[in-house]
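Read off the chains here:
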Amino acid sequence: CKNKWNTLKAGYHHVVHIKNASRLTWSDTDGVGVSSETQHVWDEIVKVHPAAKPYGNKGFPHFAVIDHM
């Protein structure tokens, strides 16, 4: 249970960073939705935060719930 919570919390922090990045949009169902116009921005984020890579085109449906905790 503790490991699951740590995984969810880490995902939440990655999404917060992504949401704060300039020129990127976020959808809880689709993630960033990396396009050819935003690929270079996404590549820079992934260099600094490699664990954020899965959220390029995949959302994080638990964001709103964890954000309200």
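Located above this text is the structure these notes cover.
Residues numbered from 1 in each chain as written. Predicted model: local features only at pLDDT ≥ 70, side-chain atom pairs only at ≥ 80, totals over all residues. Heavy atoms only, no water.

Visitor: Even after reading the chapter, I still don't get the nonpolar core, so can you show me in this structure?
Guide: Burial of nonpolar side chains together is a common tendency in soluble globular proteins. One finds Ile18, Leu24, Trp26, Val32, Trp42 and Phe60 to be the most contacted residues of the largest nonpolar core, which totals 17 residues. When residues of this core are traced back to their parent elements, those giving at least two are α1 (2-20), α2 (39-48) and α3 (63-67). By residue number, the principal contributor to this core is α2, which donates 4 residues. (Core = buried A, V, L, I, M, F, W, Y, C linked by side-chain atoms within 4.5 Å. Buried < 20%, exposed > 50% of the residue type's maximum accessible area, 1.4 Å probe, protein only. Helix = DSSP H or I, 4+ residues; strand = E, 2+ residues; numbered from the N terminus.)

Visitor: Where do I start with the packing of aromatic side chains in this structure?
Guide: Any aromatic ring pair is given by two values, namely how distant the centres are and how the planes are angled relative to each other. All told, the structure shown has 3 aromatic pairs when counted by the stated rule. Look at tyrosine 12 and phenylalanine 63: their rings are 4.9 Å apart centre to centre, the planes differ by 20 degrees, and that puts the pair in the stacked class. Residue tyrosine 12 is found in helix α1, and its partner phenylalanine 63 is found in helix α3; the two are separated by 51 residues along the sequence. Accessibility assignment for this pair places tyrosine 12 and phenylalanine 63 in one class, buried. Pairing tyrosine 55 with phenylalanine 60 gives two aromatic rings, centres 5.9 Å apart and planes at 90 degrees, and the pair type is edge-to-face. For the pair tyrosine 55 and phenylalanine 60, a shared accessibility class is recorded, and that class is buried. (Phe/Tyr/Trp six-rings, centres within 6.5 Å; stacked < 30°, edge-to-face > 60°.)

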